[in-house]
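# Geometric and topological summary
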Amino acid sequence: MKKIISILLMCVLILSMVGCGGSQDSSSDTEEEQIVIGLSQEGLDHPFMVTQREQIMDAASKYPNVSVIATDGQNSVVKQVAGIEDMLSQGIDLLMVQASKAEGLKQKLTEVHEQGIPFMFVGKPISGTEAVTMVSMDNLDLGHTIGEYIVEVLTDRNGAPKGNIVMLEGIPGDQTSEDRIGGAKEILADYPDIKIIAQVAGEYRRPEAFNVMQDILQANPEGTIDFVYACNGEMALGVIQALKDAGRLGEMPVVGLDGQKEELDAIKAGELMATWLYKPAGYEGFDAAMKILNGEEVEEFIIIPGQRIDAENVDVSEPAF
Amino acid sequence: MEEINNKKNSMHLGTYFEKYGMLLLLLVLFVICSLITPVFLKPGNLLNIARQISIIGIVSIGMTLVILTGGIDLSVGPILACGALLVAGLKEYGIVAAFVGPLIFGLCAGLLNGTVITKFKVQPFIVTLGAMSIYTGLGLTYSKGHPIIGTPEMLRFIGQGKVFGVIPFQAILFISVAIIIAIILKYTPFGRYTYAIGGNPEASKLSGINVDRVTIYIYGLSGLLAGFAGIIMATHLNVGEARLGTGMEMDAIAAAVIGGTSLKGGSGTIFGTVIGILVIGILSNLLNLINVPSYAQMIFKGLIIVVATVLQGLHDKKSV
């Protein structure tokens, strides 16, 4: 008897949960001429991705005939592919993809293309696919800018372009990280006296960055580090935390890249020297999507310009997310 | 005397529940899904689900074997990823190398896990936790952190092929593996030993079963199946990547547990695991189809696992 009750309970649970989910969907299929845009993101555990999704949803809410369905890959290619398949089953008119690596997705994206459904990248550009457009900032270009900034700062500090720098990359092999770090290194290659004494992976996350920075501080006593470049904001904040912890804050300039709210606060507090706004491309991406759906031409790569935030302009700047 | 009879009776009911309770749950889920969204029953969607569960399904079968012996294998994800890397990495050496390489790697990795667990008497959780890190590191080292693009043309049917133009070949592989392992479990001494070891290792030893050897083979089999799943994954996506298997061990354990396999070992079936993986697969598909936000999806999936285990606990208490 108990078993039957428990099975019944389980069914009720499922029904109620599914009921909750179902009610969210009720608005989507009221109109006949409904345009459905699918949004596939690699994950939703970073403010960048969350903001981007919110921007797209917000932009879409202004069009009564456009609905956006979204899946997130929970940082697994396999899940992202399954999410795309599930959206294809529902019938979408266009697919927006945000991923840092498309290798695992290429096969599926080619299928999407073959089915005649246009797809585009938003937030992070990935080349070598049939994507109609890529709407994003350009990480390599940002990397170059930061490389030049490092040279400038070191020249000011040491009288000549020389010094020891530490670089925190994101996830090894990730295109964003490769470009942001690689771009800076291309510039620095012309300055033999600027030495990269450590280049380590902080996985884009604050706790990891904190840990690796702690180790680096152990290995490099006071006065031996002239500059720290963390290739995203979360890591820059982790670096600052580690410096505070070791009582070495202010010993060296730290720069980040993203321009999230806490970074701006850190600039105001004098803890972070500068950051560059890396804006989620939700609004711009949605505009491009609407153009594609209306049959208009769009450029292959729509670049959103970056902007440096430092002590001079921090009070008048809006965070990227 | 009456007590014994009662026990027998409830045991019978327990097994009944284990087998058909989950089947009932699956049927209920199926009906609910088709009522909620008409898209669900489209043949294209059902075939999608079949494909989506095949790779993780094969891994789950290996996991079920390990759990039956009272162990756990956390290293299946990285083994799968290494297998996938090898398919792409060995393509210059011909298709035989690209196909056999991942299988040998998986088998050896698994046998090694089993050997350390039995010969040095270390907890399987710890050994495979370490192995998980080792194989992830090996994969990253081998690939230098980059994806290895391209798999042999002739092997791609494994991951991308469709029988009669519609049925994913992956699904056929999954069903075949399930049937073969189920037969082995049911009709061979090896299968009976697997249950015996999980049920009572001491008694098994005393009755002359070579517990160590069977355990090592079981882990070997789990590794082999993970390597095989890696081949499917690589040929499906046409790429090998060191982090392809991330989180897979948890899904595999969940499938086995939802399917009624007891983490204490000794009880569970392949049939149950297949039901378990179907429940997980259909659920994810449904939640995607009706656009449930992914955060809520995670809560929901977690709840299902816990509820299934609670139900199983009720049954365990009765039958002991």
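All values reported here derive from a predicted model rather than from experimental measurement.

Thresholds applied
- Residues numbered from 1 in each chain as written.
- Chains lettered and ligands numbered in written order.
- Predicted model: local features only at pLDDT ≥ 70, side-chain atom pairs only at ≥ 80, totals over all residues.
- Helix = DSSP H or I, 4+ residues; strand = E, 2+ residues; numbered from the N terminus.
- Buried ≥ 20, exposed ≤ 12 C-beta atoms within 10 Å, placed from the backbone.
- Core = buried A, V, L, I, M, F, W, Y, C linked by C-beta atoms within 7 Å.
- Contact = placed C-beta atoms within 7 Å.
- Pairing = 2+ DSSP bridges.
- Axes fitted to C-alpha atoms, helices over the stretch in contact; angles between N-to-C directions.
- Parallel < 35°, antiparallel > 145°, perpendicular 65-115°, else oblique.
- Left-handed = near helix turned anticlockwise from the far one by under 90°.
- Nonpolar A, V, L, I, M, F, W, Y, C, P; charged D, E, K, R; others polar.
- Domains from an automatic or database assignment.
- Expected span 1.5 Å × (residues − 1).
- Right-handed = clockwise from strand over helix to strand, strands pointing away.

The subject of this paragraph is unusual backbone geometry. Glycine aside, negative phi is the norm for most residues, and most peptide bonds take the trans geometry. All names here are of chain B. The phi dihedral of Lys121 is positive, around 50 degrees, even though this residue is not glycine. Examined against the element boundaries, Lys121 turns out to sit in the loop between α4 (95-119) and α5 (124-143). For Lys121, a count of 8 C-beta atoms within 10 Å translates into the label exposed. Its identity is not glycine, yet Phe164 carries a phi of approximately 55 degrees, on the positive side. When you line up the elements, Phe164 lands in the loop between β2 (162-163) and β3 (167-168). Given 5 C-beta atoms within 10 Å, Phe164 falls into the exposed group.

This paragraph deals with the nonpolar core. Formed by 131 residues in total, the largest nonpolar core has its most connected members in Met120 of chain A together with Val59, Leu80 and Ala229 of chain B. Of the residues forming this core, the biggest block, 15 residues, is contributed by helix α10 (residues 211-237) of chain B. The residues contacting Val59 of chain B, other than those within four sequence positions of it, are Val76, Leu80, Leu225, Ala226, Ala229, Met248 and Ala252 of chain B. Core analysis: the second largest hydrophobic core is formed by 50 residues, Phe48, Tyr149, Tyr204 and Val239 of chain A among them.

This paragraph deals with the sheet that holds strand β5 (residues 134-136) of chain A. Residues and elements named next belong to chain A. Spatially, β2-β1-β3-β4-β5-β11 is the arrangement adopted by the six strands of the open sheet, whose pairing is parallel. Pairing within the sheet leaves two strands with one partner each, and these edge strands are β2 (66-72) and β11 (301-303). The mean inter-strand angle of the sheet, taken between neighbouring strand axes irrespective of direction, is 20 degrees. Pairing geometry for strand β1 (residues 35-41) and β2, over seven bridges, is parallel. If you follow Gln41 over to β2, its bridge partner there is Asp72. Packed on one face of the sheet, helix α2 (residues 47-60) meets β1, β2, β3 (94-98) and β4 (119-122) and runs near 165 degrees to β2. Contacts between helix α10 (residues 282-293) and the sheet are confined to β1, β3, β4, β5 and β11, with β3 contributing the most and set at about 155 degrees to the helix.

Residue and element names in this part refer to chain A. Contact geometry of helix α5 (residues 139-158) with helix α6 (residues 175-188) gives a least axis separation of 7 Å together with a crossing angle of 40 degrees. By the angle between their directions, the pair α5 and α6 is classed as oblique. In this structure, the crossing between α5 and α6 has a hand that is right-handed. Residue-level inspection shows Asn139, Leu140, Asp141, Leu142, Gly143, His144, Ile146, Gly147, Glu148, Ile150 and Val151 of α5 in contact with α6, the latter providing Thr176, Asp179, Arg180, Ile181, Gly182, Gly183, Ala184, Glu186, Ile187 and Leu188. A class-by-class count of the residues in the contact of α5 with α6 yields nine nonpolar, seven polar and five charged.

Attention now goes to the domain arrangement of chain A. Interface size is commonly expressed as the accessible surface area that is lost when the partners come together. Residue and element names in this part refer to chain A. As assigned here, chain A comprises domain 1 (33-137 + 280-304) and domain 2 (139-278). On a C-alpha basis, the centroid separation for the pair domain 1 and domain 2 is 31 Å. At the junction of the two partners, domain 1 supplies seven residues and domain 2 supplies eight residues. A per-class count over the side of domain 1 that touches domain 2 returns four nonpolar, one polar and two charged.

Let's shift gears to α5 of chain B. All names here are of chain B. Across its 20 residues, α5 extends 28 Å between first and last C-alpha, which sits within 8% of the 28 Å expected from 1.5 Å per residue. Within α5, the full set of buried residues consists of Pro124, Val127, Thr128, Ala131, Tyr135, Thr136, Gly139, Leu140 and Ser143. Its buried side turned inward, α5 meets α3 (76-89), α4, β1 (148-149) and β4 (239-240).

All names here are of chain A. The buried fraction of strand β6 (residues 163-169) amounts to six of the seven residues, a majority that puts the element mostly inside the structure. Of the pairings in the sheet, the one linking β6 to strand β7 (residues 194-201) comprises seven bridges and is parallel in character. Among the inter-strand pairings, Val166 is bridged to a residue of β7, identified as Ala198. Handedness of the β6-α6-β7 crossover: right-handed.

Helix packing geometry: the angle between the two helix axes and the distance between the axes. Residues and elements named next belong to chain B. At a minimum axis separation of 8 Å, helix α2 (residues 43-68) and helix α11 (residues 248-258) run at an interaxial angle of 65 degrees. As far as their axial angle goes, α11 and α2 are roughly perpendicular. Where α2 crosses over α11, the two elements pack in a sense that is right-handed. Counting all contacts with α2, which are made through Ile56, Val59, Ser60, Met63, Thr64 and Ile67, the residues of α11 involved are Met248, Asp251, Ala252, Ile253, Ala255 and Ala256.

Residue and element names in this part refer to chain A. With 14 residues, helix α3 (residues 77-90) ought to run about 20 Å at 1.5 Å a step, and its terminal C-alpha atoms sit 20 Å apart, in line with that. Judged by how many residues are buried, α3 sits mostly within the fold: 13 of 14 residues are covered. Just past α3, the residue Gly91 takes up positive phi, approximately 85 degrees.

Residue and element names in this part refer to chain A. By the element assignment, Arg308 lies in strand β12 (residues 308-310). According to the C-beta neighbour criterion, Arg308 is partly exposed, with 18 such atoms within 10 Å. A C-alpha to C-alpha distance of 25 Å links Arg308 and Pro207, two positions 101 residues apart in sequence.

Turning to its location among the elements, Thr155 of chain A is positioned in helix α5. The contacts of Thr155 of chain A, once residues within four sequence positions are left out, are Ala160 and Pro161 of chain A.

The next thing to look at is the pairing of β3 of chain A. All names here are of chain A. In terms of burial, β3 is largely enclosed, as five of its five residues are buried. In terms of strand pairing, β1 meets β3 through five bridges, oriented parallel. The residue bridging Gly38 from the neighbouring strand is Leu95, located in β3. Pairing of β3 with β4 involves three bridges; the strand directions are parallel. When the bridges of β4 are listed, Val97 appears paired with Phe121. Regarding the hand of the β-α-β motif, the stretch spanning β3, helix α4 (residues 103-114) and β4 is right-handed.

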